[in-house]
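Chain by chain, the residues:
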Amino acid sequence: MAAAKNILFIMCDQLRWDYLSCYGHPKLQTPNIDALAARGVRFTHCYVQSPVCGPSRMSTYTGRYMQSHGASWNGFPLRVGEMTMGDYLRPLGMQAALVGKTHMTPDKETMQRLGIDPQSTIGVRTAECGFDPYERDDGLWAIGPDGAYDERVCRYNQYLNQKGYGGDNPWHDYANAGENEDGTLASGWAMRHARKPARVEEADSETPYMVGRAMDFITEAGDAPWCLHLSFIKPHWPYIAPAPYNTMYGKDDIIPVVRADSEKIDPQPVYREFMQHRVSQTFARDEVREEIIPVYMGLIKQIDDQMGRLFAFLKQRGLMDNTLIVLTSDHGDYLGDHWLGEKDLFHDASVRVPLIIYDPSREADVARGTTCPALVEAIDLLPTFIDAAGGKASDHAQRLEGRSLMPLLRGGKPETWREFTISEYDYSMTQAAQRLGVAFKDTSLFMIADARWKLMHAPGFRPMLFDRENDPQELKDLGADPAHESERQRLMAALNAWGLRISQRVTVSESRVNAGRSRSMRRGILIGVWDESEIPEELWSAYRGKN
């Protein structure tokens, strides 16, 4: 084995941390992902910086918290000038390419104001999180009365048309729809159709297609070092799968729901309103969970099977010996836990994700097949990639808010590590904010968690607090319990300290600050001097004048 030459960065969409067999799922077997974990390090406490697609991914791609980069909701643009993954890796001689989803929205107004041609190389990279888009596909080719959700050209639709699937939107009509007994479409948007087989052949469905495109890129890349972001759009909804994955699992394979009637008794107000959302009300029904979760599991099983295909491809080409491989998710899925659907809030079902990293270097041999309980954040990935590519993440400390995981991948113990992990959520666009009458400026939610305690801070409302040592399923909210005031104050103090960090000084490095201290006097700025004799004579050299 040699040091990593390439990076394969695999991200699933809406994959819960506990829905892999290597993370303890009793029925869903994922042997190919498990094999990757056996060759690398499996992190058990990895948290995303926002439990919704867009801001979570923008944090991962920039190495910065949501509050720092500002793209706090799906469709909120990432501002021009934010350094992203490709911006850090290309100067190190590594191309950065994308196959799949980013949920990135470009800052078109600023690009136009600055005269950045969107068709130019810099324009494309600015609009694609710094990646060269080999194939950008967010997997949301929906069409409604106000038009299409995604207005780009859908190459996957073109592929399906070429394969003989008709219509203007075969993504919906075949890949994400079944068929009723009378021959009419059974749209995947109606979850009651989830167990029906998608009308597409399994080999032509979205996950195998994306793996094929990744293999195409790797083949074309040749010997040049690369970072490929293979970003799946499943097991994200619409929850529908091609045969045989639609019937691989049944209701007897579903793990018990994590919720309690006590959670509905005087709940924290923001949590209460999220329980009223349509998707939460739907997932509160047992028949819905029995219909959806087996298909969700089937979509994950398909991903694992495709991982076997991809890893065999890499092994055949000798790339398993020089490619750093990462597998993670952008957030989880409540699936009815805590009376919620979707993601959004900060229970582990939503904000905690799997993270498996395989480092091919010999230095990592000591840690192969181990688990790491350290508090890890998704923003740690970019600093790790910089180190793997031969750079020094510490050189970019003025921007990067994550920390390189390289010491942990090689069995080391950093002298210091974070004591808390942070996640944020902007709920200004939700019905919950509307019903609560919260002003736009007050719709930020914050999570801070240490190894035992987790606190959710909602400005204007009481917090939520969980003792995960005694309540690992997070069923008992202690946010209003007077007996735990000291813990709430401790965590709030830590959150306030985090909020006061310097996060916008991104153009001047710490080394430059250190080198520039007290240097203004040597450039002739002599502030506060009463008498020339108070400071060295040489500082007056330019002010002596002529005799």
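For clarity, every value in this text was computed on a predicted model and none was experimentally measured. (Residues numbered from 1 in each chain as written. Predicted model: local features only at pLDDT ≥ 70, side-chain atom pairs only at ≥ 80, totals over all residues. Heavy atoms only, no water.)

Turning next to the packing of helix 7 (residues 155-162) against helix 9 (residues 206-221). With their axes 12 Å apart at the nearest point, helix 7 and helix 9 run at an angle of 105° to one another. Compared by their axis directions, helix 7 and helix 9 come out roughly perpendicular. In this structure, helix 7 contributes R155, Y156 and Y159 to the contact, and helix 9 contributes E206, Y209 and R213. Partitioning the contact of helix 7 with helix 9 into residue classes produces three nonpolar, no polar and three charged. (Axes fitted to C-alpha atoms, helices over the stretch in contact; angles between N-to-C directions. Helix = DSSP H or I, 4+ residues; strand = E, 2+ residues; numbered from the N terminus. Parallel < 35°, antiparallel > 145°, perpendicular 65-115°, else oblique. Contact = heavy atoms within 4.5 Å. Nonpolar A, V, L, I, M, F, W, Y, C, P; charged D, E, K, R; others polar.)

For the rest of this paragraph, the subject is the pattern of salt bridges. Under the criterion given, the structure shown has 43 salt bridges. One salt bridge connects E401 with R501, and the closest N-O pair in it is separated by 2.7 Å. One end of the pair, E401, is in the loop between helix 14 (381-388) and helix 15 (406-409); the other, R501, is in the loop between helix 17 (485-499) and helix 18 (510-516), with 100 residues separating them in the sequence. Residues E401 and R501 agree in their burial class; the two are buried. (Salt bridge = Lys/Arg side-chain N within 4 Å of Asp/Glu carboxyl O. Buried < 20%, exposed > 50% of the residue type's maximum accessible area, 1.4 Å probe, protein only.)

Moving on, we come to the environment of R505. Residue position: R505 is located in the loop between helix 17 and helix 18. Along the primary structure R505 and D333 are separated by 172 residues, whereas in three dimensions their C-alpha atoms are 35 Å apart. For R505, the contacting residues outside a window of four places in its chain are Q398 and V513.

The strand order across the open sheet formed by four strands is 14-15-16-17, and the pairing between neighbours is antiparallel. Strand pairing shows two members of the sheet lacking a second neighbour, strand 14 (421-426) and strand 17 (464-467), which therefore form its edges. Neighbour-to-neighbour, the strand axes of this sheet turn through a mean angle of 10°, independent of strand direction. The pairing of strand 16 (residues 453-457) with strand 17 spans four bridges and is classified as antiparallel. Residue pairing in the sheet places W453 in a bridge with D467 of strand 17. Contacts from helix 17 reach strand 14, strand 15 (444-449), strand 16 and strand 17 within the one sheet, and its direction differs from that of strand 16 by about 65°. (Pairing = 2+ DSSP bridges.)

At a minimum axis distance of 7 Å, the contact between helix 1 (residues 31-39) and helix 12 (residues 286-316) shows a crossing angle of 55°. Taken together, the axis directions place helix 1 and helix 12 in an arrangement best described as oblique. On the side of helix 1, the interface is formed by P31, N32, I33 and L36, while helix 12 contributes K301, D304, D305, M307, G308 and F311. Classifying every residue of the contact of helix 1 with helix 12 by side-chain character gives five nonpolar, two polar and three charged.

Quick look at the environment of D426 now. As for its position among the elements, D426 is in strand 14. Judged by its relative accessible area of 8%, D426 is buried. On a C-alpha basis, the gap between D426 and I292 in space is 27 Å, while along the polypeptide they are 134 residues apart. Discounting residues that sit within four places of it in the chain, D426 has contacts with M66, S72, W73, F76 and T443. Within the local environment of D426, its side chain forms a polar contact with the side chain of S72, the two groups lying 2.8 Å apart. For D426, the side chain forms a polar contact with the side chain of T443, separated by 3.3 Å. (Polar contact = N/O pair within 3.5 Å; in protein donor to acceptor, adjacent residues only side chain to side chain.)

Turning our eyes to something else, we now look at the side chain of D18. You can see D18 is positioned in the loop between strand 1 (6-13) and helix 1. Judged by its relative accessible area of 15%, D18 falls in the buried class. A distance of 3.0 Å separates a polar atom in the side chain of D18 from a polar atom in the side chain of R16. In contact with D18, not counting residues within four places along its chain, are Y23, H25 and I255.

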